[in-house]
Amino acid sequence: MKVTILQFPGTNCEYDTQHAFKSLGADTEILWHKAEAVPSDTDLLVVAGGFSYGDYLRSGAIAKFSPVMRAVKKYAEDGGKILGICNGFQVLTEAGLLPGALKRNETLHFISKYHHLKVINNENIFLERLQEDDIVNIPIAHHDGNYYIDESGLKELYENNQILLKYCDENGNEKNPNGSIDAIAGICNKERNVFGLMPHPERAMETILGSDDGIKMLQGFLNA
Amino acid sequence: MKVVVNVFLKAGVLDSQGKAVHHALESIHFNNVSDVRVGKQIVLKLDESDEKKAMEDTTRMCEDLLANTVIEDYTIEIVK
């Protein structure tokens, strides 16, 4: 199992992500954005969190034109598995690999805290180790995490079971930290090989640090 | 040629910054403001004398990079 982790100027979660996947037994490689190909032995490509290009213009807007992104699009078209976390999710929406967009949080604050999430759909490699309605506790840390999609796009997400995670409280009742439409925290594409979420499962790998709920999420990719 | 691009959130997409500025204006007693939209302005200097070509190029820039048309609208103004 080989996990390749993308690194843009301003990415800052690549080493946490590497540490998390290493602890699960995966081989890892960090790939600088100037690369023109995705390593051929890659089983999962992670677009890690951070502030690519300083979030200039819009989060993820400039990263989508990095040289590596052409290869990333091809990798996705060929069915390769991609996980975008936080800024990675923003990059994937900007690049058109996932629908919708991430706006400034409704409160305008940067939010950094643990937040509960409810599993809405587990018929995908990412969440297959969890059950629907399971609640996980995962850190969020973002300024632009307010998911938006127009009405017809939202309908399509529901029809194709592309909504994977929603924000909730510890009892599973809807609780929305950032104004996301329908409290959406994570989605996938129609083909179910490209995943994006604002919360950071790679930061929830050890109970001593607050939660190890991220293990079950990331492990899903390891049995592919 | 100078080209001015204005980018704003689409009508119908909640503009939280505009709302916050609106509240702030009310708190300093400007009670006649009925709406505030916050956007951004991008000023380009183009080495181009053909206005039509400048408009076409800038439109492509907006569609590809300067605006995210999922949530934003843009206007282009050529300043002579």
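Residues numbered from 1 in each chain as written. Chains lettered and ligands numbered in written order. Predicted model: local features only at pLDDT ≥ 70, side-chain atom pairs only at ≥ 80, totals over all residues.

1. Here's the deal with the overall build of chain A
Here is the rule: Numbering of helices and strands runs from the N terminus; a helix is a DSSP stretch of H or I covering at least four residues, while a strand is a stretch of E covering at least two. Each radius of gyration reported is based on C-alpha atoms, and the globular scaling rule is 2.2 Å times the count of residues to the power 0.38. Residues are called buried when their C-beta atom has 20 or more other C-beta atoms within 10 Å, exposed when it has 12 or fewer, and partly exposed otherwise; all C-beta atoms are positioned from the backbone. For the purpose of contact definition, each residue receives a C-beta atom placed from its backbone, and two residues are in contact when these atoms lie within 7 Å.
Secondary structure assignment for chain A yields five helices and 11 strands. Since a compact globule built from 224 residues should have a radius of gyration of about 17 Å, the 16 Å found for chain A is in line with a globular shape. In terms of overall dimensions, chain A has a C-alpha envelope of 45 × 35 × 30 Å along the principal axes. Expressed as a percentage of its 224 residues, the buried residues of chain A come to 51%. Considering only intrachain contacts with a sequence separation of at least 6, the fraction spanning at least 24 residues in chain A is 74%.

2. Section: the overall build of chain B
Check the secondary structure of chain B and you find two helices and three strands. Shown N-terminal to C-terminal, the secondary structure of chain B runs as helices and strands in the order β-α-β-α-β. Computed over the C-alpha atoms, the radius of gyration of chain B is 16 Å, more than 25% above the 12 Å expected from 2.2 N^0.38 for a compact globule of 80 residues. Considered along the principal axes of its C-alpha atoms, chain B spans approximately 45 × 30 × 15 Å. Looking at chain B as a whole, 12% of its 80 residues are labelled buried. Taking all contacts inside chain B whose residues are at least 6 apart in sequence as the whole, residues at least 24 apart take part in 66%.

3. Side note on the sheet that holds strand 3 (residues 72-79) of chain B
Two strands in a sheet stick together by hydrogen bonds in their backbones, pointing the same way (parallel) or opposite ways (antiparallel). Residue and element names in this part refer to chain B. This is how it is decided: We treat two strands as partners when DSSP finds at least two bridges between them. Orientation is described by axes fitted as lines to C-alpha atoms, over the contacting stretch for helices, and by angles from 0 to 180 degrees between their N-to-C directions.
If you walk across this open sheet you meet the three strands as 2-1-3, and the pairing is antiparallel. Only two strands of the sheet have a single partner each, and these edge strands are strand 2 (40-45) and strand 3. Ignoring which end each strand starts from, the neighbouring axes of this sheet average 20° apart. In the sheet, strand 1 (residues 2-9) pairs with strand 3 via eight bridges, with the strands oriented antiparallel. Looking at strand 3, one finds that valine 5 is bridged to isoleucine 76. Along the sheet face, helix 2 (residues 51-66) touches strand 1, strand 2 and strand 3 and points at about 155° away from the line of strand 3.

4. Side note on the interface of chain A and chain B
Using the following cut-off: Residues are sorted three ways: Asp, Glu, Lys and Arg are charged, Ala, Val, Leu, Ile, Met, Phe, Trp, Tyr, Cys and Pro are nonpolar, and all the rest, Gly among them, are polar.
Each partner contributes to the interface: chain A provides 10 residues, whereas chain B provides eight residues. The class makeup of the residues in the side of chain A that touches chain B is four nonpolar, one polar and five charged.

5. Comments concerning the environment of His116(A)
Residues and elements named next belong to chain A. By the element assignment, histidine 116 lies in strand 6 (residues 111-119). Classification of histidine 116 as buried rests on a count of 21 C-beta atoms within 10 Å. Look past the residues within four positions of histidine 116 in its chain and what remains in contact with it is Ile135, Asn137, Cys168, Asp169 and Glu170.

6. Here's the deal with unusual backbone geometry
Residue and element names in this part refer to chain A. With phi around 70°, leucine 57 is a residue other than glycine that occupies positive phi space. Along the chain, the position of leucine 57 falls in the loop between strand 3 (44-47) and helix 2 (68-77). In this structure, alanine 183 takes a positive phi of about 60° despite not being glycine.

7. A look at the confidence of the model for chain B
Residue and element names in this part refer to chain B. Note the cut-off: Note on scores: pLDDT gives the predictor's confidence for each residue, bounded by 0 and 100.
Taken as a whole, chain B shows an average pLDDT of 96; of its residues, 100% reach a score of 70 or greater. The weakest mean pLDDT in chain B belongs to helix 1 (residues 16-27) at 95; the strongest belongs to strand 2 at 98. Predicted complex metrics record ipTM = 0.87 and pTM = 0.95.

8. As for the sheet that holds strand 11 (residues 194-197) of chain A
Residue and element names in this part refer to chain A. Pairing is mixed in the open sheet, where nine strands are placed in the order 2-1-3-4-11-10-9-6-7. The sheet terminates laterally at strand 2 (27-32) and strand 7 (135-142), the two strands that pair on one side only. Taken pair by pair, the neighbouring strands of this sheet meet at an average axis angle of 25°, ignoring direction. Sheet topology note: the strand 3/strand 4 (residues 82-85) ladder contains three bridges and is parallel. What sits directly across from valine 47, in strand 4, is glycine 84. Contacts between helix 2 and the sheet are confined to strand 1 (2-7), strand 2, strand 3, strand 4 and strand 11, with strand 4 contributing the most and set at about 125° to the helix.

9. Overview of helix 2 of chain A
Residues and elements named next belong to chain A. What counts here: Read the arc as the range of directions from the helix axis to the C-beta atoms.
Taken together, the buried positions of helix 2 are occupied by Val68, Met69, Val72, Tyr75 and Ala76. Buried residues of helix 2 fall within an arc of 110° about the axis and therefore sit on the same side. Of the residues in helix 2, the exposed ones pointing more than 90 degrees away from the buried face are Lys74 and Glu77. Those residues of helix 2 that are buried lie in contact with strand 1, strand 2, strand 3, strand 4 and strand 11.

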